[in-house]
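Residue-level listing of the chains:
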Protein chains: 2
Amino acid sequence: MPDLLTIGELSARSGVAPSALRYYERLGLIRADRTGGNQRRYARVELRRVAFIRISQQVGVSLDEIREALDSLPEARTPSPQDWARLSASWRSRLNERIRLLTKLRDDLDGCIGCGCLSLQRCTLNNPEDTLAGEGPGARLVLPRPTDDPTLAGSLS
Amino acid sequence: MPDLLTIGELSARSGVAPSALRYYERLGLIRADRTGGNQRRYARVELRRVAFIRISQQVGVSLDEIREALDSLPEARTPSPQDWARLSASWRSRLNERIRLLTKLRDDLDGCIGCGCLSLQRCTLNNPEDTLAGEGPGARLVLPRPTDDPTLAGSLS
DNA sequence: CCTTGAGTTGAAGTCCACTTCAACTCACAC
DNA sequence: GTGTGAGTTGAAGTGGACTTCAACTCAAGG
């Protein structure tokens, strides 16, 4: 009735290597029952946990944070669709932020391709007389003032 | 006249740790002249190279590939803005692909939040009678047939 | 001169997410 | 009952991108 999966079956169905599944178990991300002969047997819910792990990794979340998130699932009952939805939703802003940063990087690159200045975030400010300044689709500042990231903010020539 | 930078100055102006700059040099990403006392002195063009390295890393390119790209710069003359523009442009499709994947992931997440199925790419297909199916902004397949990624494509329940 | 902060080196360490290995044991079809 | 493919363990290895360390030298102001 419980219809348990071997590690090979879970691996095949999740696309995650057995060694990775054992690693996840060591980190407390998933769990397994054991047969009399000490082999792992996974409940079907572990399939969802693995799916959540892989999705979260794509979002850019570390295994440590994923573990924390999974720890917030109710222990008493099988997690409901709403439980999973809550966890997934918790990565939304992170995902949006990553998308926003990459999009901004792309736009800045587009905007800077004409001048080749590579300074991004600054080239139009540093070259107010530039023929490309203030036109076209590129290099718009999205944030009020990105003073938080000094990495590439300095002058470069 | 050449106005060379010490490693500390390059570090301060690029936001990259001195140890990282030495590491980049070992990998052949940047170069430095030496003083009589064997200290590094960087030409200003290295500032651009470091900027290009950090930008490329944000795009998700490995140092090895960045080195290859930098190797394609002309050795005879100082790289022109057009040279830098060409290199930056070479990451464009990669950046677009990353943005596309993350955006798709977000839309899939949004689309799946109602059902909590976590299968993504498949939930609407697997649940044609789902009240959420076929509407809203989520879970649209962008590629003709993403058969390439079996990772989470299997059934999950 | 001399002090002091900045710079030099190679080797080793770190962190993350795994994979590989050797030496076993289990489960199941025949 | 036996062969075989699947599973077990802890320890060690991998790869990328650095950082840290110890032991030393350089450069520049007072």
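Residues numbered from 1 in each chain as written. Chains lettered and ligands numbered in written order. Predicted model: local features only at pLDDT ≥ 70, side-chain atom pairs only at ≥ 80, totals over all residues. Heavy atoms only, no water.

Undergrad: So what exactly am I meant to see when it comes to the protein's contact with DNA strand C here?
TA: Lining the immediate surroundings of DNA strand C are 20 residues, of which Ser19(A), Thr35(A), Gln57(A), Gly8(B) and Arg40(B) lie closest. Of everything in DNA strand C that lies within 4 Å of the protein, sugar and phosphate atoms constitute 85%. One of the side-chain nitrogen or oxygen atoms of Thr6(B) is found 3.0 Å away from a phosphate oxygen of DNA strand C. Broken down by secondary-structure element, the contributors of at least two residues to the surface near DNA strand C are helix 2 (18–26) and helix 3 (45–59) of chain A together with helix 1 (7–14) of chain B. With four residues, the single largest contributor to the surface near DNA strand C is helix 2 of chain A. Along the lines of polarity and charge, the residues of the surface near DNA strand C split into six nonpolar, 10 polar and four charged. (Near = heavy atom within 4 Å. Polar contact = N/O pair within 3.5 Å; in protein donor to acceptor, adjacent residues only side chain to side chain. Helix = DSSP H or I, 4+ residues; strand = E, 2+ residues; numbered from the N terminus. Nonpolar A, V, L, I, M, F, W, Y, C, P; charged D, E, K, R; others polar.)

Undergrad: Even after reading the chapter, I still don't get the protein's contact with DNA strand D, so can you show me in this structure?
TA: The immediate surroundings of DNA strand D are formed by 20 residues, with Thr6(A), Gly8(A), Arg40(A), Ser19(B) and Gln57(B) found nearest. Within 4 Å of the protein, the atoms of DNA strand D are drawn from sugar and phosphate moieties in a proportion of 85%. Gln57(B) has a polar side-chain atom sitting 2.5 Å from a phosphate oxygen of DNA strand D. Taken together, the elements giving at least two residues each to the surface near DNA strand D come down to helix 1 (7–14) of chain A together with helix 2 (18–26) and helix 3 (45–59) of chain B. Among the elements that line the surface near DNA strand D, the one with the most residues is helix 2 of chain B, at four residues. Tallied by class, the residues present in the surface near DNA strand D amount to six nonpolar, 10 polar and four charged.

Undergrad: Honestly, unusual backbone geometry in this entry has me stumped. Any pointers?
TA: When glycine is set aside, most residues are seen to have a negative phi, and most peptide bonds are trans. If you check the backbone angles, Asn38(A) has positive phi at about 75° while not being a glycine. Assignment of secondary structure puts Asn38(A) in the loop between strand 1 (33–34) and strand 2 (40–41).

So, to be careful, I would describe these as geometric facts and stop short of saying anything about function.
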